[in-house]
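# Understanding the architecture of this molecule
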Amino acid sequence: MTHPLLDILVQQQHSCPFHTPGHQRGRGMAAPLRALWGTALAQDLSEIPGLDNLAAPTGALADLQAAIAAAAGSDRAWCLVNGATTGVLAALLATLEPKDVVLVGRNVHHSVISGLILTGAQPVYLGVAVDSLWGIPEPVSLATVVNAVAAYPTAKAVVLVSPTYEGLCSPLAAIAQHVHERGLTLIVDEAHGSHFAFHPRFPSTALAAGADLVIQSWHKTLGTLTQTAVLHLQGTRVAPERVSHAVTLVQTTSPSYWLLSALEAAAWQMVHQGYEIYDRLLQWVAAFESPLPRLERLDIPQDPLRLTLGTWPLGLTGADLEAQLQPDIIAELPSGRSLTFCVGLGTTAQMLRTLAERLWVIHQTYQPVQSLPPIAVPPLPAVSSPALSPRTTYFSQRQVVPLAAAIDHISAETIAPYPPGIPTIIAGEVITAAAVAELQQVQAMGGTIIGATDPQLNQITIVTPADT
Ligand SMILES: Cc1ncc(COP(=O)(O)O)c(C=O)c1O
């Protein structure tokens, strides 16, 4: 693989840029930013002659998308410059029609709910187990998918997130085989697993497992700029023209060529150096010695580069430990009982040594403190259908009522205890007394409630009854 787009960008020599963007090759940019970004501003270009057009690519961008598809193992790839969010929206718009039933993991990113609002599809939510020792959600299981497909035989598609934020993967090959035999399309949000194709010791990719549409947030784990992502298609269950149309619907008409060339460079790096880089990183991570337990679920495929360390033995939450490590060490994701670090392309052996040293010092300080008790996680329904679709809920009249008065009404907001962040109530679901009790229990235990307009949860927004 080569990097023709980067070469074309670097070769741009024109001295009279009568074109957008407004800073015109940096000259019109405010001085402080010009001082920071320097000559690179001359390459902040959009569609000018020779640079191809992302909406209808025929040159360097068509080649780039083909090279990315080949590197990742898909039949077709679409470059995205507004994150995996764009890919999730496009995947749902390409697959679903209003009122279609779709099986959706309850742990999905909120962009999936946005996609349901846009399509008008009717979700059935698939529950996930929560590991109470670690305080983190597990991926959707095969059994849950099998049960849901049996209970909702008219379902058209399944939408799963795999890997989870902590790097745990669903058994995608078995799920793909099961749902394909029953005529469903499998959409996998692989936002955190874009690197899986580039070393055999990573879990299988969603594409290798047989998924039809796969969304990868390249900026999360690969060497590219923030906002860059890729949508992949394989097989014939979804027409490529429909995907192209859907991408055009949600993507900007002025993609940044900085972002596109960053995707190209990241693909080039993976193809030529990925194996070697990951081999080194995997050795360092395997040798990492921490005084804290490390998440290693032998029963679930796991990304070895997501380093999740248990903080409960120190009597600390993940956020407590993170505060001790800052400002020089910044982790990715704190939970109530653990802290997750992303080991990635910029990680050095010295960084891992520094982290280990700091952890040993903190461990000595906190060792005598009592360990945190395991978290009590309210049971989530394995398979549940909301009263209203996200779209109907979105367009309904709403009102704010005291929490007690909200029971048996339809929620207009999605509310989750954090950790683990899996919604107890999703907008469109009926607010049950049990759900309210569970949320109040989390609050009483000092947990945080996210998503609610009133974070104290004294009030809640419901769909106005007359409107239902
Ligand atoms: C599982 C998952 N899917 C999708 C997204 C959206 O990705 P992006 O920020 O690239 O739009 C995220 C972002 O955190 C995510 O965690």
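The rules behind each value
- Along every chain, residues carry numbers that run from 1 in the direction the sequence is written.
- Residue-level local features of this predicted model are given only where pLDDT is at least 70; pairs of side-chain atoms are given and counted only at 80 or more, and the full residue set underlies all totals for whole chains, interfaces and linings.
- With hydrogens and water set aside, each side-chain value is computed from the structure's full complement of heavy atoms.
- A simple rule labels every residue: compare its accessible area, found with a 1.4 Å probe on the protein chains alone, to the largest value its type can have, and call it buried under 20%, exposed over 50%, or partly exposed in between.
- Helix and strand assignments follow DSSP, with helices taken as H or I runs no shorter than four residues and strands as E runs no shorter than two, numbered in order from the N terminus.
- For two strands to pair, DSSP has to find at least two bridges joining them.
- Call a crossover right-handed when, viewed with both strands pointing away from you, the route from the first strand across the helix to the second goes clockwise.
- Any two cysteine sulfur atoms lying within 2.5 Å of each other are counted as a disulfide.
- Geometry is summarised by axes, namely lines fitted to C-alpha atoms with helices restricted to the contacting stretch, and by angles between N-to-C directions that run from 0 to 180 degrees.
- Handedness of a helix crossing follows the sense of rotation of the near helix relative to the far helix, less than a right angle counterclockwise being left-handed and clockwise being right-handed.
- Any two residues whose heavy atoms approach within 4.5 Å at even a single point are treated as in contact.
- Here the term charged refers only to Asp, Glu, Lys and Arg, the term nonpolar to Ala, Val, Leu, Ile, Met, Phe, Trp, Tyr, Cys and Pro, and the term polar to all other amino acids, Gly among them.
- The arc in question is formed by the directions pointing from the helix axis toward the C-beta atoms.
- Buried residues of nine kinds, namely Ala, Val, Leu, Ile, Met, Phe, Trp, Tyr and Cys, make up a nonpolar core once their side-chain atoms join them within 4.5 Å.
- Distances are taken per atom, and a residue is near a molecule or strand as soon as one of its heavy atoms is within 4 Å of it.
- N or O atoms closer than or at 3.5 Å make up a polar contact, with two conditions inside protein: a donor-capable atom paired with an acceptor-capable one, and, for residues adjacent in sequence, both atoms drawn from side chains.

### Side note on the pairing of strand E2 (residues 101–105)
Consecutive side chains along a regular strand alternate between the two faces of the sheet. Of all five residues in E2, five are buried; the element is thus mostly enclosed. Neither face of E2 is left uncovered, since the one carrying Val101, Leu103 and Gly105 and the one carrying Val102 and Val104 both have all their residues buried. Here five bridges tie E2 to strand E3 (residues 122–126), and the two strands are oriented parallel to one another. What sits directly across from Val104, in E3, is Tyr125. Following the chain from E2 across helix H5 (residues 110–119) to the adjacent parallel E3, one finds a crossover that is right-handed. Examined bridge by bridge, E2 and strand E6 (residues 157–161) share three bridges and lie parallel to one another. Across the sheet, the residue bridging to Val104 is Val159, located in E6.

### Brief notes about the state of the cysteines
Going through the model one piece at a time under the given rule, you end up with zero disulfides. In this model Cys342 remains outside any disulfide bridge; the closest cysteine sulfur is found in Cys169, 14 Å from its own.

### Some thoughts on the packing of helix H12 (residues 318–325) against helix H13 (residues 349–366)
One can describe the packing of H12 onto H13 by two numbers: an axis separation of 11 Å at closest approach and a directional angle of 115°. Crossing of H12 against H13: the hand is right-handed. Here Leu321, Gln324 and Leu325 of H12 come into contact with H13, specifically with Leu355, Arg358, Leu359, Ile362 and Tyr366. When the residues that make up the contact of H12 with H13 are grouped by side-chain class, the tally is six nonpolar, one polar and one charged.

### Describing the packing of helix H3 (residues 60–72) against helix H11 (residues 257–287)
Two numbers describe how H3 lies on H11: the axes approach to 10 Å, and their chain directions differ by 35°. Viewed along their axes, H3 and H11 form a crossing whose handedness is left-handed. Across the interface between the two elements, Leu61, Leu64, Ile68 and Ala71 from H3 touch Tyr257, Leu260, Leu263, Glu264, Ala267 and Val271 from H11. Residues that form the contact of H3 with H11 fall into these classes: nine nonpolar, no polar and one charged.

### What to know about H12
Along H12, the residues classified as buried are Gly318, Leu321, Glu322 and Leu325. Along the axis of H12, the buried positions cluster into a sector of 105°, meaning they face one direction only.

### Details of the nonpolar core
Formed by 54 residues in total, the largest nonpolar core has its most connected members in Ile68, Leu325 and Phe341. For this core, the secondary structure elements donating two or more residues are helix H1 (4–11), H3, strand E1 (76–80), H11, strand E10 (306–310), H12, strand E12 (338–342) and H13. It is H11 that contributes the most residues to this core, 12 residues altogether. In contact with Phe341, not counting residues within four places along its chain, are Leu305, Arg306, Leu307, Leu309, Leu325, Ile329, Ala331, Glu332 and Leu355. Ala94, Leu116, Ile187 and Ala246 belong to the second-largest nonpolar core, a separate cluster that totals 31 residues.

### Let's talk about the environment of Leu231
Among the secondary structure elements, Leu231 is positioned in strand E9 (residues 229–233). Excluding anything up to four places from it in sequence, Leu231 contacts Arg76, Ala77, Trp78, Leu80, Gly87, Ala90, Ala91, Leu213, Val214, Ile215, Val243 and Val247.

### Some points on the side chain of Asn107
With respect to the helices and strands, Asn107 occurs in the loop between E2 and H5. Those residues in contact with Asn107 that sit more than four places away from it in its chain are Val128, Glu138, Pro139, Val140, Val161, Thr164 and Ile422.

### What to know about the site of the ligand
Around the ligand, the surrounding shell consists of Gly83, Ala84, Thr85, His109, Val161, Asp189, Ala191, His192, Ser217, His219 and Lys220. A distance of 2.7 Å is found between an oxygen atom of the ligand and a side-chain nitrogen or oxygen belonging to His219. Between the ligand and Lys220 there is a distance of 3.0 Å, counted from an oxygen atom to a side-chain nitrogen or oxygen. Sorting the residues of the shell around the ligand by element identifies helix H4 (83–95) and helix H9 (218–221) as the ones contributing at least two each. With three residues, the top contributor of residues to the shell around the ligand is H4.

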